[in-house]
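Examining the three-dimensional arrangement
These are the residues of each chain, in order.
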Amino acid sequence: MTGTVYKSTGSWYTVKSENGDFIECRMKGKFRMKGIKSTNPIAVGDVVDYELEESSDTITGTIHNIHERKNYIVRKSVNLSHQMHIIASNIDCVFLLVTINNPPTTFNFIDRFLVTAEAYGIETILIFNKIDTFDEATLDEQLYMQHVYQEIGYKCLRISSTEGKGVEELKDMMIGKVTMFSGHSGVGKSTLVNAMEPSLHLKTKMISTASKQGQHTTTFAEMFDLSFGARIIDTPGIKGFGIVDMEKEEVSGYFPEFFKLKDQCKFNNCLHKDEPHCAIKAALERDEIAWSRYNSYLKILEGEDEHYRTDIYNDDRAASDETRK
């Protein structure tokens, strides 16, 4: 039998069959022997083949095959630096939820996410959430951040889940697609899903006033069928976003504004750091490339892991302020 993985808890997988039934399945141990360098060989969104197993109490299944994935998005495993964690697979579009200070989302975090999505061929749309909470300074910062990414070509949408602003426009963008919500804990992923589909009653929590960080409410990735003809994968909040399996020479290819210019560099293997006659650095000096993006590029190139830290947020904010001067 064939079905789609709707929920993964690490040991059990909820699979929706082709006729609409949900079956709790386990994975055959041999999957862990196939050289998949991942902490979770099976991910939400995977199409799998499984066999039913009947016991005296319940009907369960055993997954014995994973169909080839159209795409998937990964991050570095928190505890195993040489392994990756597959967040979800077979995605049509990712919505990255961004908040300015409640909690803060950094340029560095956004850029690392976008680079990974570009590498795996997944469209990403930025959702600026909680616009109803903005004062004048926060609004200015949000509009500048939005300007940076719209200039590159990324779609952006401004949302207030609590007041319903932008929600209908978002729903229209999701119809007929498998989409994923991602972002830091506390950016309002579950609240936004509830605003679109109140019957789901996803758990939400308040932001910690001491740390300005969100508290995890989504423990495992899970896909939901929505009444307006869309499917959404809700994911646990991400603190840091480490880049995996990427050579230095290919990083700039996943920055669209760099990619357009890199063939104009004097050297084919230009890393856009210290090389002479670099088209990217020349565009940077002309303010045609945002300094925040270039700083993110350098951090990725140097292998620095992004962590959810105030100093990185302040570095990004300083870079933005300097660019605006």
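That block above? That's the structure.
Okay, so let's go over this structure. Nothing here was measured: the structure is a model prediction, and the numbers come from that model. (Residues numbered from 1 in each chain as written. Predicted model: local features only at pLDDT ≥ 70, side-chain atom pairs only at ≥ 80, totals over all residues. Heavy atoms only, no water.)

1. Focus: the packing of aromatic side chains
As a reminder, the rule being used: For Phe, Tyr and Trp, rings pair up if their centres lie within 6.5 Å, where Trp contributes its six-membered ring, and each pair is then called stacked (planes under 30 degrees apart), edge-to-face (over 60) or tilted (otherwise). Comment: elements are numbered from the N terminus, with helices defined as DSSP H or I runs of at least four residues and strands as E runs of at least two. Relative accessibility thresholds used throughout: buried, under 20% of the residue-type maximum; exposed, over 50%; partly exposed, between the two (1.4 Å probe, protein chains only).
Summed over the entire model, instances satisfying the criterion amount to 10 aromatic pairs. Relative to Tyr297, the ring of Phe258 lies with its centre 5.3 Å away and its plane at 70°, an arrangement referred to as edge-to-face. Of this pair, Phe258 sits in helix 6 (residues 256-259) while Tyr297 sits in helix 8 (residues 291-301), and the two are 39 residues apart along the sequence. Across the pair, Tyr297 and Phe258 agree in class, each one buried. Among the aromatic residues, those joined into a cluster by ring pairs are Phe255, Phe258, Trp291, Tyr294 and Tyr297.

2. A short note on a nonpolar patch on the surface
To be explicit about the condition: Patches here: salt-bridge-free residues with over 30% relative accessible area, like charges joined within 9 Å, nonpolar side chains (Val, Leu, Ile, Met, Phe, Trp, Tyr) joined within 5 Å. Here the accessible surface of atoms and residues is derived via Shrake-Rupley with a 1.4 Å probe, and residues count as covered only by protein chains that are part of the display. Any Lys or Arg side-chain nitrogen located within 4 Å of an Asp or Glu carboxyl oxygen qualifies as a salt bridge.
Among the surface-exposed residues, Met1, Leu52 and Ile59 lie close enough to one another that they form a single nonpolar patch of about 290 Å² accessible area. Note on placement: Met1 falls in the segment before strand 1 (2-8).

3. Remarks on the pattern of salt bridges
A side chain with one charge may pair with a side chain of the opposite charge, provided their charged atoms come close. Applying the stated rule across the entire model yields 10 salt bridges. For the salt bridge of Lys155 with Glu123, the shortest nitrogen-to-oxygen distance reads 3.6 Å. Of this pair, Lys155 sits in the loop between helix 2 (136-152) and strand 10 (156-158) while Glu123 sits in strand 9 (residues 123-128); the two residues are 32 residues apart in sequence, bridging distant segments of the chain. Assessed through its relative accessible area of 48%, Lys155 is described here as partly exposed. Given the relative accessible area of 32%, Glu123 is considered partly exposed. Residue Glu288 pairs with Arg286 through a salt bridge whose shortest N-O separation is 2.9 Å. Assessed through its relative accessible area of 48%, Arg286 is described here as partly exposed. Through salt bridges with shared partners, a single network forms among Asp111, Glu257 and Arg293.

Don't take any of this as a statement about function, it's just geometry.
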